[in-house]
Amino acid sequence: MEKITVDLGSRSYPVWIGSGILEEIGRYLSGEEVCVVTDPTVEARFGGAVLGSIERAGKKGRLIVVPEGERSKDFSRLMEVYDALVSFGADRSTELVALGGGVIGDLGGFSAATFMRGIPLVQVPTTLLSQVDSSVGGKTAVNHPRGKNLIGVFYQPRLVFIDIDTLSSLPQGEFLSGLAEVIKYGIVLGEDLFYLLEQKRDLILKRDRPSLTAIVSRSVEIKADVVAKDEREAGLRSVLNFGHTLGHAIENLVGYGAIRHGEAVAKGMAMSTLISERMGLISEGDKKRIMGLLAAYGYDLVLPAFSRQEYAAAIAADKKAVGDEINFVLTGGIGRFILKKISVLDILDFIEH
Ligand SMILES: NC(=O)c1ccc[n+]([C@@H]2O[C@H](COP(=O)([O-])OP(=O)(O)OC[C@H]3O[C@@H](n4cnc5c(N)ncnc54)[C@H](O)[C@@H]3O)[C@@H](O)[C@H]2O)c1
Ligand SMILES: [Zn+2]
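The structure displayed is predicted, hence computed values, not measured ones. (Residues numbered from 1 in each chain as written. Chains lettered and ligands numbered in written order. Predicted model: local features only at pLDDT ≥ 70, side-chain atom pairs only at ≥ 80, totals over all residues. Heavy atoms only, no water.)

Student: I'm lost on the coordination of the zinc ion (ligand 2) in this one. Help?
Tutor: Each pair of donors in an ideal four-coordinate tetrahedral metal site encloses 109.5 degrees, whereas pairs in an ideal six-coordinate octahedral site enclose 90 or 180 degrees. Around the zinc ion (ligand 2), the donor atoms from the protein are Glu181 (OE), His244 (NE2) and His261 (NE2), and they sit 2.0 to 2.1 Å away. When the donors of the zinc ion (ligand 2) are listed by position in the chain, the intervening gaps give E-x62-H-x16-H. Here His261 lies in helix H10 (residues 261–278) and His244 lies in helix H9 (residues 244–254), a separation of 17 residues in the sequence. Classification of His244 by relative accessible area gives buried; the value is 6%. (Donors = N, O, S within 2.8 Å, 3.2 Å for Na, K, Ca; no water. Helix = DSSP H or I, 4+ residues; strand = E, 2+ residues; numbered from the N terminus. Buried < 20%, exposed > 50% of the residue type's maximum accessible area, 1.4 Å probe, protein only.)

This is the structure in structure tokens:
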């Protein structure tokens, strides 16, 4: 088992990563009583292993199951989680385990952050996206009818527990969606990770465990380092939005749910790479490697056909918009990022080329 520490002073916490470790989770929990928030698919696969482990550790385990999918990040589901916590007689020593993908992590995390002004939270992510991204860094949120993740708080978990083996049952679309975030880390912060993704493509796509362990560990290391330096996204953490300004615009234009997040981000990363090259920030060789890697993993890099005005409106609607200038993340070569304020009009000109 590997341990990566998210260094946040007195709020530092470990991320444990290993293969076949889920049955060990009980020993890592501190509460006498543990409420496990999960969804039906995840419960069916891993609920028994987690509850069994909690009981073997001499603790009382309870399940709180909410329907799967993005729609569960809303106030009525949040209230159901609070209701269950109240009816179980939960108090401030009760530990909440979020077992599932990013939806469960965000909903469970927000519940833990707010119930009795905060109870201990443990993230047990079971999708690639949640393992490399959402479980680390303490962002929690639910959606508002007018916008995604509008209601949330920063609340760091006490620990993150990643069993790579859970990825073997993940549908291919979900796997590739999460992999886009891994590629993102490689492009802007991890030349070694990018190289690993190039070299081990076939093994990664076959979900070879050692290869997956390597890319998840390296991604978590990169994310942990960024979070330790800029927990609240005052600066550096925003580089993790590489490909996301355009990705969010695309999700917005085609309609949420019509395209997976990672598929939209892959298109956004391709476009941001082309913009970086045209601005003279990266060599043609690096551009080719980045575009080649995205294509090699099978991402469709074509931008959906919408008018200039529609793209402009969708980009401006993104919360990072400041006037008509926005903070944009570019790449300065593989493993390097460049943050630049550029106008939405400039981006549109590039999109049209
Ligand atoms: N907090 C953050 O920093 C952060 C960062 C990125 C994304 N997010 C959020 O994460 C959410 C998306 O997360 P996601 O992509 O993990 O989606 P998800 O949580 O909806 O999970 C996707 C699907 O996979 C199923 N599933 C989960 N684990 C499985 C497994 N091991 N085997 C088979 N099926 C499994 C789930 O039941 C679900 O149907 C979004 O709401 C997004 O806003 C948060
Ligand atoms: Zn993302």
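Alright, that's what it looks like, and here's the rest.
Student: Even after reading the chapter, I still don't get unusual backbone geometry, so can you show me in this structure?
Tutor: Peptide bonds are trans in most cases, and residues, glycine excluded, mostly fall at negative phi. Backbone geometry places Arg207, a non-glycine residue, at a positive phi of 60°. With respect to the helices, strands and loops of the structure, Arg207 is situated in the loop between helix H7 (201–205) and helix H8 (209–229). For Glu233, which is not glycine, the phi torsion reads 55° and is therefore positive. Topologically, Glu233 is positioned in the loop between H8 and H9. On the basis of relative accessibility, which here comes to 25%, the residue Glu233 falls in the partly exposed class.

Student: Which parts of the structure should I look at to understand the pairing of strand E7 (residues 139–144)?
Tutor: Residues in a regular strand point their side chains to alternate faces of the sheet. Sheet topology places E7 next to strand E8 (residues 147–154); five bridges connect them, and they run antiparallel. Its bridge partner lying in E8, Val142 is registered against Ile151. Connecting E7 to the antiparallel partner E8 that follows it, the hairpin turn spans two residues. (Pairing = 2+ DSSP bridges.)

Student: Could you clarify how one ought to interpret the packing of aromatic side chains in this entry?
Tutor: For any pair of aromatic rings, the description consists of the separation of the ring centres together with the inter-plane angle of the planes. Tallied over the entire structure, the rule returns four aromatic pairs. Ring centres 5.4 Å apart and planes at 65° place the aromatic pair Trp16 and Tyr28 in the edge-to-face group. Of the two residues, Trp16 sits in strand E2 (residues 13–18) while Tyr28 sits in the loop between E2 and strand E3 (33–38), which places them 12 residues apart along the sequence. Here the aromatic rings of Tyr28 and Phe161 are separated by 5.1 Å at their centres, their planes lie at 55°, and the arrangement is tilted. With Tyr28 in the loop between E2 and E3 and Phe161 in strand E9 (residues 159–163), the pair connects residues that are 133 residues apart, well separated along the chain. Clustering of aromatic rings is evident, with ring pairs tying together Trp16, Tyr28 and Phe161. Across from the ring centre of Tyr185, 5.0 Å away, lies the NZ or CZ of Lys184, which sits over that ring. The ring centre of Phe175 lies 4.3 Å from the NZ or CZ of Arg207, which sits over that ring. (Phe/Tyr/Trp six-rings, centres within 6.5 Å; stacked < 30°, edge-to-face > 60°. Lys NZ or Arg CZ within 6 Å of the ring centre and 35° of its normal.)

Student: What exactly am I supposed to notice about helix H3 (residues 102–114) here?
Tutor: Think of an α-helix as 3.6 residues a turn; residues three or four steps apart then line up on the same face. Between its terminal C-alpha atoms H3 stretches 18 Å, which fits the 18 Å expected from 13 residues at 1.5 Å a residue. Burial runs high along H3: 12 of the 13 residues are buried. Taken together, the buried positions of H3 are occupied by Gly102, Val103, Ile104, Gly105, Asp106, Leu107, Gly108, Gly109, Phe110, Ser111, Ala112 and Ala113. Phi turns positive one or two residues past the end of H3, at Met116, with a value near 50°. (Expected span 1.5 Å × (residues − 1).)

Student: Honestly, the site of ligand 1 in this entry has me stumped. Any pointers?
Tutor: As a matter of local geometry, ligand 1 sits amid 25 residues, with Glu68, Glu70, Thr126, Thr127 and Ser169 nearest to it. Within the contact set of ligand 1, an oxygen atom lies 2.7 Å away from a side-chain nitrogen or oxygen of Glu68. With respect to ligand 1, the side chain of Thr126 contributes an N or O atom lying 2.7 Å from a nitrogen atom. When ligand 1 is considered free in solution it has 870 Å² of accessible area, and contact with the protein chains removes 86% of it. Elements represented by at least two residues in the shell around ligand 1 include exactly helix H1 (40–56), H3, helix H4 (128–134) and E8. In terms of residue class, the shell around ligand 1 is made up of six nonpolar, nine polar and 10 charged. (Near = heavy atom within 4 Å. Polar contact = N/O pair within 3.5 Å; in protein donor to acceptor, adjacent residues only side chain to side chain. Areas by Shrake-Rupley, 256 points an atom, 1.4 Å probe, with all protein chains shown as cover. Nonpolar A, V, L, I, M, F, W, Y, C, P; charged D, E, K, R; others polar.)

Student: Would you take a moment to explain the sheet that holds strand E6 (residues 121–125) for this structure?
Tutor: Strand-to-strand pairing in sheets goes through backbone hydrogen bonds, with the strands running parallel or antiparallel. One open sheet accounts for seven strands, arranged E1-E2-E9-E6-E5-E3-E4; its pairing is mixed. With partners counted over all chains shown, the strands left at the sheet margins are strand E1 (2–6) and strand E4 (60–65), one partner each. Across the sheet, the mean angle from the axis of one strand to that of its neighbour is 20°, orientation sign disregarded. Where E3 and E4 come together, six bridges link them in parallel fashion. The residue bridging Glu33 from the neighbouring strand is Lys60, located in E4. Contacts between H1 and the sheet are confined to E3, E4 and strand E5 (95–100), with E4 contributing the most and set at about 170° to the helix. Helix H2 (residues 75–87) contacts E3, E4 and E5 of the sheet and is inclined by roughly 155° relative to E4. (Axes fitted to C-alpha atoms, helices over the stretch in contact; angles between N-to-C directions. Contact = heavy atoms within 4.5 Å.)

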